[in-house]
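Examination of the molecular architecture
Residues per chain are reported as follows:
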Amino acid sequence: MLLAPLLLLILPPVDQDTALDAPAIVARAIARREQVPGSLRSARYDAWMKFTARDIELPEDSSASVLVLSQTHSAAYWEPSDTYLETISARRQVHGRGSGGGLVMVSEIADALRDDIVLTEYAGAARGTQAASGRGRGGSRSQTAFHLISPVARDAPTFYDYAIQDTLVTQGRRVLRIAVEPKSEALPLFRGTMDIADSTFDLLALDLSVNGAVQFATIDSLRYAVHFTGDAEGRWLPDQVRLTGELHPRVTSSKIPRSVLGFRLDMVPRQIAFEQVASLGKWRLDAGPRPNDAGEYRVVVLEAADRQDSTLDHAPDGAALTAAQETVMLHSDSLQHHPHGVRHLAQDVGDALRLAEDPGFFHDNRVDGLYLGAAHDWHVTPALSVLTKAGYGFGSETWQYRLGGQLRLAESRRVWVGGWYHDETVSRPTLTSYGYNPVNRAFFARSDPLDYYRERGATLALGARLPGRISMQVGYDDVRQSTLDTIPGFAPRNFRTPPRDNPAIVDGTLRDVSLVLTWDSRQMIRTRGIDTRINGSDWTRISLGTEIAEPSVIPDDFTYRRYTVAIQHQQRTFGIGNTTISLAAGTASDRVPPQRYFTVDFGRGVLTSDGAAFNTLSRLNFYGNSAAMLVLRHDFGHVPFARSGIGLLRRLPFTVSINGGAFWTDFTDHTADKGDSLLQTAPHPYTEAGFSLGNLTPFLSPFDLSARFSWQLSDYPTHRFRFEFGFSERW
C-alpha cells in the first residue's frame, strides 16, 4: 500500500509548466500519438471481437440470460492515410429475432488507430461483420449513427476542455490522469478521463462516457474504454477496446411471458446489458506488401469464415467466452446440427416472418393480387451462383418464375457473366421509388405507386470493376412484354378510393442492349462474394446509362434510344448535420414505348418514416419521355434543440430535418401512343418544401414516431399541404 506514494517521491518531478498546464500535456500527447503512426508505412495485427447482450433480470452466470452472442477473429491492415481493411477469417453468433434491436455498437471497433469513433445501432454484429454504415467527423446523427471525435484527435482541443485530475503510478511510472469535458453539449462528444505518461506523453488509457447529444432510444450508461500497451520499441499501441451500456425499454411488463413451452421469446422487450470488446495483438509493423483489396474494401468476410475455427476457442482475455456463454454457443451448434421439436419450430417461425418481407415469397399488388412463392440464390461455389424463383398470383391466376445463374470469371477485376430466363410481373422504371417493396402498403391500404407489365424472355449480362472505383454492366434483353390490367375486386368496397388503373403499354418483343457506368466513392464490405456499399457521412455516386433498340441491327418491334444520369451526394455541412442531394435526369427518342417512359411516382406514404421525395402528389404519377428531378434534404439531428440555449428545448429528444425538391416531366418530339393523353405531365416544374420532426416518442420505444409537414409550391391538382405521421420499429 505504501509503494505508490513512495514511487511518487522517488520518481523525478514533472516539468512544472507542463504539470500545471493540462492543455499543454494533451497537446504533447496528441503530437506523440501522431508521431507513432506517422513513423509507420503500415501496421498489421490480429483482432478477436465479441459482442454480448444479456437479460439483466437473470443471473449473469446463467446461460439463460444470454440473448445475443457474437465472436469474430480478423486480420487487420492499417495505413496512416486512414486506409483500413479487416479480413474476417472466423465468426459465429447466436441471436434470436429482435434480440439485437435497439442495441449499440462501435462500427469497426478493431480500427483503434482512427481519430473518430462511430457509435451506431447494432446491425453488422448480428451478421458477424462487426461493421456498420457510417464514417465521418464531428457533429451529427446520420442513419442512427453518431460520430464522436477522440479526445486525442489532431483537432480535439477545438472540442474539449482538459484538467489534471490526479497523479498515479502505473507499472512503475508516473501517470497523469486528465479529465476530459466537452466544450459543447450540442455536438456528440465524450467526457471522462485519459491517462498520459508524464515523461514520454504516451497515451495509456481512455475511460469515457458520452454527452447528452448522443441519444439512442432506451440506451443508458454508454461507456467507451481503450487500453494501450507498450512494445519493445517504446511505442504504445491499443490492445483492448471496450463498449458497454444498458437498454431499458419503455414498453415492458412483468406480466408478459418470457418463455413458452421451454423456449425464450426473444421479441419480448427486456432490460438488457450489452458489451462489445476487441482484443488486439500480434502487431507487425511495416511488414509485407499492401493487400489488393485495401482502399476499396473495409471488410472482407472469407468464404470459410462460418466454419468452426479453433482461433475462436483460443481468444485472449476479454474476447474469450465465459462458461455461460460457452454453454450457449455449444447448445446453438447442437441445434444447428440436430434441430428438434419446439425450438426448431421457433427458428422456422422467425424465418417465416423474415420471408414475409421478401417480395419473392409474398407480395400483393393490383395486377397479381395475392402472390405466394419462393426465391433463393444458391451459392454452388465461390464463383458460381444459381438464381431461382417461382410463385403463383391468386388474383391474376398465373404462375411466375425465374431461372438463371451468375459466374465470376476474374477475381481481380470482379468480372462476371450472368443470364436468366423469366416469365413474371415487373414494374416500370421510376425516379423516386426504385427498389421499393410496396407489399405492406398494397396489402393494408390498397395503394401502390408502381406500374406493372408482364415480361417473358431471356436476359444476359456482363459486369466488371474498372480502375478508379468505376463499375460497368452491359446487358442484352430478348423479351416479350405485354399489358397487365388491374384485377377485379382488388379493393373491397369499404375502401374510400378504388385502386388506380394500371397504365397500358405497347405489347411487343423487345431486343435491346444497355450499358451502365457507375462511379462510387463509398468503400465496400464483401461477404461470401457479395459486395455491399458502406453509407458514410461523405460520399458521392454518379451513374450514366444508355439503352438502344435498333431493328436494323437486331430484329425488334421497337426503335428507341434512352439515356439517363443519376447523381447522389451526401456530406457533413458546417458541423450541423448531413446534407443529401439527389439529381436524376433522362431523355429518350420519339419512339420510346410507354414501358420505358420516365416516371415520378407518388411515393411510399402510409405510416412510414421513409417518406418519398415528394409527399404532396396524392395518388398521382407524372410521366414523360424526358424528365429531371432534384431533391435536397438536410438532417440536423438534435442540434437545433441542443444549441437553442433554452433549458426546456435543450432537453427535448426530437430531431429535425428539412427537405425540398423539384421535378419536370414532359413529352418532347414524341410520337404519341394510345393512352398517352391519360398520363399526367409536369411541363413546368413541380416544387415542394417541408420539414420533419423525429424521435417524438422515445418513451414508447421501440416505436419511433415522426411527423412530416409538406407544402406544394407549384400549381398542380394535388395536395397543397400534407401532414403525415410515420413510425419505424426498433426492436
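Analysis parameters
- Residues numbered from 1 in each chain as written.
- Predicted model: local features only at pLDDT ≥ 70, side-chain atom pairs only at ≥ 80, totals over all residues.
- Heavy atoms only, no water.
- Helix = DSSP H or I, 4+ residues; strand = E, 2+ residues; numbered from the N terminus.
- Buried < 20%, exposed > 50% of the residue type's maximum accessible area, 1.4 Å probe, protein only.
- Contact = heavy atoms within 4.5 Å.
- Areas by Shrake-Rupley, 256 points an atom, 1.4 Å probe, with all protein chains shown as cover.
- 1 Å grid on protein atoms, 1.4 Å probe; cavity = no way out; pocket = protein on both sides within 12 Å on 5 of 7 lines; lining within 4 Å.
- Points joined across faces, edges and corners; volume = space filled by probe spheres on them.
- Nonpolar A, V, L, I, M, F, W, Y, C, P; charged D, E, K, R; others polar.
- Phe/Tyr/Trp six-rings, centres within 6.5 Å; stacked < 30°, edge-to-face > 60°.
- Polar contact = N/O pair within 3.5 Å; in protein donor to acceptor, adjacent residues only side chain to side chain.
- Core = buried A, V, L, I, M, F, W, Y, C linked by side-chain atoms within 4.5 Å.
- Patch = residues over 30% accessible without salt bridge, like charges linked within 9 Å, V, L, I, M, F, W, Y side chains within 5 Å.
- Salt bridge = Lys/Arg side-chain N within 4 Å of Asp/Glu carboxyl O.
- Pairing = 2+ DSSP bridges.
- pLDDT = per-residue confidence, 0-100.

A word on the overall build of the chain
- Within the chain one finds nine helices and 37 strands.
- Within the chain, buried positions represent 48% of all 731 residues.
- Contacts in the chain between residues far apart in sequence, at least 24 positions, make up 64% of those at least 6 positions apart.
- Looking at the chain as shown, the accessible area adds up to about 33200 Å², and 58% of this sits on carbon and sulfur atoms.

A word on empty space enclosed by the protein
- On inspection of all chains with the given rule, the structure shows nine cavities of 30 Å³ or more.
- When its volume is computed, the largest cavity comes out at roughly 240 Å³.
- Among the elements of the structure, helix 3 (22-38), strand 11 (203-210), strand 12 (219-230) and strand 13 (236-247) are those that each provide at least two residues to the lining of the largest cavity.
- Classifying every residue of the lining of the largest cavity by side-chain character gives 14 nonpolar, one polar and five charged.

Concerning the packing of aromatic side chains
- Overall, the coordinates contain 20 aromatic pairs when judged by the stated rule.
- Ring centres 4.3 Å apart and planes at 40° place the aromatic pair phenylalanine 51 and tyrosine 122 in the tilted group. Taken as a pair, phenylalanine 51 in strand 1 (residues 43-55) and tyrosine 122 in the loop between strand 5 (116-121) and strand 6 (141-142) lie far apart in primary sequence, 71 residues in all. Note on accessibility: phenylalanine 51 and tyrosine 122 belong to one class, buried.
- Between tryptophan 711 and phenylalanine 721, the ring centres sit 5.1 Å apart and the planes meet at 45°, which makes this aromatic pair tilted. Of this pair, tryptophan 711 sits in strand 36 (residues 703-712) while phenylalanine 721 sits in strand 37 (residues 721-729), and the two are 10 residues apart along the sequence.
- Here tryptophan 711 falls in the partly exposed class, since its relative accessible area comes to 36%.
- Following the ring pairs from residue to residue traces out a cluster consisting of Phe614, Phe622, Phe663, Tyr686 and Tyr716.

Examining the side chain of arginine 91
- Secondary-structure assignment places arginine 91 in strand 3 (residues 83-95).
- At 2.6 Å, the side chain of arginine 91 forms a polar contact with the side chain of aspartate 306.

Describing the nonpolar core
- By size, the foremost hydrophobic cluster in this structure holds 63 residues, and its most contacted members are Leu103, Leu119, Tyr160, Tyr162, Met194 and Tyr224.
- Beyond its immediate chain neighbours, meaning those up to four positions away, methionine 194 contacts Val26, Pro151, Val152, Tyr162, Leu176, Arg177, Ile178, Val180, Leu203, Ala205 and Leu206.

Some points on the side chain of asparagine 625
- Within the element layout of this structure, asparagine 625 appears in the loop between strand 32 (622-624) and strand 33 (626-637).
- Within the local environment of asparagine 625, its side chain forms a polar contact with the backbone nitrogen of threonine 668, the two atoms lying 2.9 Å apart.
- With residues near it in sequence (within four places) discarded, asparagine 625 still touches Gly586, Thr587, Ala588, Ser589, Val592, Phe598, Asp666, Phe667, Thr668 and His670.

Remarks on a nonpolar patch on the surface
- On the surface, Leu515, Leu517, Trp519, Ile542, Leu544 and Val565 cluster together into a nonpolar patch covering about 430 Å² of accessible area.
- When contributions to the nonpolar patch are tallied by element, the ones reaching two or more residues are strand 25 (508-520) and strand 28 (539-549).
- At three residues, the largest contribution of residues to the nonpolar patch is made by strand 25.
- Looking at the secondary structure, you find leucine 517 in strand 25.

Regarding the environment of glycine 694
- Within the element layout of this structure, glycine 694 appears in strand 35 (residues 682-694).
- Using a relative accessible area of 11% as the deciding quantity, one classes glycine 694 as buried.
- Between the alpha carbons of glycine 694 and leucine 705 there is a distance of 6.4 Å; along the sequence they are 11 residues apart.

Here's the deal with the pattern of salt bridges
- Scanning the model with the defined rule gives 37 salt bridges in all.
- As a salt-bridge pair, arginine 722 and glutamate 724 come within 3.4 Å of each other at their nearest N and O atoms.
- Here the salt bridges share partners, and the residues they tie into one network are Glu108, Asp111, Arg114, Asp116 and Arg298.

Re unusual backbone geometry
- Within the chain, phenylalanine 201 stands out as a residue other than glycine whose phi angle is a positive 60°.
- Residue position: phenylalanine 201 is located in the loop between strand 10 (190-197) and strand 11.
- With phi around 60°, serine 221 is a residue other than glycine that occupies positive phi space.
- Looking at the element boundaries, serine 221 is found in strand 12.

Regarding the pairing of strand 26 (residues 524-527)
- Taken together, the four bridges between strand 17 (residues 297-301) and strand 26 define a ladder with parallel strand orientation. Within strand 26, the position partnered with valine 299 by the bridge is isoleucine 525.
- The pairing of strand 26 with strand 27 (residues 530-533) spans four bridges and is classified as antiparallel. Bridging from a neighbouring strand, isoleucine 525 pairs with threonine 532 of strand 27.

As for the confidence of the model for the chain
- The predicted model of the chain averages 81 in pLDDT, with 79% of residues at 70 or higher.
- Contacts for the low-pLDDT stretch residues 124-143, under 50 throughout, to residues beyond four places or in other chains number 97 contacts.
- Segment residues 334-350: pLDDT under 50, and 12 contacts once partners within four positions in sequence are set aside and those in other chains are kept.

Quick notes on the environment of valine 241
- Within the secondary structure, valine 241 is located in strand 13.
- According to the relative accessible area criterion, valine 241 is buried, its value standing at 1%.
- Here the alpha-carbon distance between valine 241 and isoleucine 109, two residues 132 residues apart in the chain, equals 7.1 Å.
- In contact with valine 241, other than residues within four places in its own chain, are Ile109, Ala112, Tyr224, Ala225, Val226, Gln276, Val277 and Ala278.

Considerations on the pairing of strand 24 (residues 470-483)
- Pairing between strand 23 (residues 452-466) and strand 24: 14 bridges, direction antiparallel. The partner of leucine 466 across the bridge, within strand 24, is isoleucine 470.
- Count of turn residues in the strand 23/strand 24 antiparallel hairpin: three residues, of which glycine 468 carries a positive phi of about 80°.
- Where strand 24 and strand 25 come together, 12 bridges link them in antiparallel fashion. In the strand pairing of strand 25, aspartate 477 is matched with aspartate 512.

Some words on the environment of phenylalanine 721
- On the accessibility criterion, phenylalanine 721 (39% relative accessible area) is partly exposed.
- For the pair formed by phenylalanine 721 and phenylalanine 709, sequence separation is 12 residues and the distance between their alpha carbons is 7.5 Å.
- In this structure, phenylalanine 721 is in contact with Phe709, Ser710 and Trp711, ignoring residues within four places of it in sequence.

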